[in-house]
Amino acid sequence: MRIPIPPSSEITPPESFLRRRLLLAGGATLGGIGGPALAAPLPSTRAAAWSIDDKPTPFSTMTSYGNFYEFGPDKDSPAKHAHRLRTRPWTLTVDGAVKTEKTFAIDDLLKWAPLEERIYRFRCVEGWSAVVPWIGFPFAELLKRVEITGNAKYVEFWSLADPGQMPYVRVPLLDWPYVEALRLDEAKHPLTLLALGMYGEVMPKQNGAPLRLIVPWKYGFKGAKSIVRVRFVEKQPATAWTKAAPDEYGFYSNVNPDVPHKRWSQSHERRLGEFRKRPTLPFNGYAEQVAGLYAGMDLRQNF
């Protein structure tokens, strides 16, 4: 959809911008554990062509409720424990089926392209949903800076797995590090976003700072958080949740109201802050843009 969206100042109160300060190594928090990080201001953003006009979910809700299993299994675990995460220095390594492996500093990524603010629907596989103004740039910007080989058919996204900063990495909840993946054509799609912020702010630690993946037509767990490595590969890789429960979490994990989870229906969702459930849209409402990627595929089998 090509719908103009309001600038960040209309979503985030102006006073929040005055509270921004340079993020020091390791980052303190403002207001104690779970508070917003003291963050350097993001470069100015531009309204994006890809957006929706739904009202965003409150910032306080999205920073206090969610999944980030490296910090614990409960919805409030990330807000309680993510203050341990050190987001500077931070580097992103790109390797695999590329002619030359490269490593980029996180602050260099901020200079790659004008940052865009995109209001996307966000749908969790657990049946809840939200509307989030993400800030970032298309994954295609990364492809401009590396030369992939003809063997590159899939893209892996590796999250940080440091037990010193992430206490639950010591617990075998999943096969760490957390790895997610997309087909190369999915990664190249204009909707696929590498996000460095949300709601006009630098990405909060509990939401995947400093860099996370957003693929709005897929369930939220496909969006790896705190990414340290992007790896191009030839064969479809095993990912964290497909290894943990392959009969419940498929590789594609496109939002599909007609394909139930093994333990619950996916036909409806509860948007955070609302009491009544609403019908879930195929591809989370992005079918017009992305359905062609799966032409001829059996989406019940390739769930």
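Conventions we followed
Residues numbered from 1 in each chain as written. Predicted model: local features only at pLDDT ≥ 70, side-chain atom pairs only at ≥ 80, totals over all residues. Heavy atoms only, no water. 1 Å grid on protein atoms, 1.4 Å probe; cavity = no way out; pocket = protein on both sides within 12 Å on 5 of 7 lines; lining within 4 Å. Points joined across faces, edges and corners; volume = space filled by probe spheres on them. Helix = DSSP H or I, 4+ residues; strand = E, 2+ residues; numbered from the N terminus. Nonpolar A, V, L, I, M, F, W, Y, C, P; charged D, E, K, R; others polar. Buried < 20%, exposed > 50% of the residue type's maximum accessible area, 1.4 Å probe, protein only. Pairing = 2+ DSSP bridges. Axes fitted to C-alpha atoms, helices over the stretch in contact; angles between N-to-C directions. Salt bridge = Lys/Arg side-chain N within 4 Å of Asp/Glu carboxyl O.

Attention shifts here to the layout of surface pockets. Here the largest pocket is characterised by a volume of approximately 450 Å³. G66, N67, F68, F221 and K225 are the residues nearest the centre of the largest pocket, which is lined by 31 residues in total. Secondary structure elements with two or more residues in the lining of the largest pocket: α3 (77–81) and β5 (128–138). Each residue belonging to the lining of the largest pocket can be placed in one class, and the counts come to 17 nonpolar, nine polar and five charged.

Another aspect to go through is the pairing of strand β8 (residues 193–198). Burial of β8 is extensive: six of the six residues sit out of reach of the surface. With five bridges connecting them, β5 and β8 associate as antiparallel partners. Across the sheet, the residue bridging to P138 is L193, located in β8. As judged from the three bridges shared by β8 and strand β10 (residues 212–214), these two strands associate in the antiparallel manner. By the bridge assignment for β10, L193 is matched with I214.

So, about the sheet that holds strand β3 (residues 102–105). With mixed pairing, the five strands of this open sheet are ordered in space as β3-β2-β11-β6-β7. Taken across any chain shown, the strands that pair with only one partner, and hence form the sheet edges, are β3 and β7 (179–183). Across the sheet, the axes of successive neighbouring strands diverge by a mean angle of 20°, strand direction being ignored. As paired elements, strand β2 (residues 91–96) and strand β11 (residues 227–233) share four bridges and run parallel to each other. Residue pairing for β11: T93 is matched across the bridge by R229.

For the structure on display, the rule yields 18 salt bridges. Residue D76 pairs with K80 through a salt bridge whose shortest N-O separation is 3.2 Å. Among the residues examined, K80 registers a relative accessible area of 43% and is labelled partly exposed. Taking the shortest distance from any N to any O, the salt bridge between K218 and E186 comes out at 2.7 Å. Residue K218 is located in the loop between β10 and β11, and its partner E186 is located in helix α6 (residues 184–188); the two are separated by 32 residues in the primary sequence. No difference in accessibility class separates K218 from E186, as the two residues are buried. Because the salt bridges share partners, they merge into one network encompassing E141, K144 and R145.

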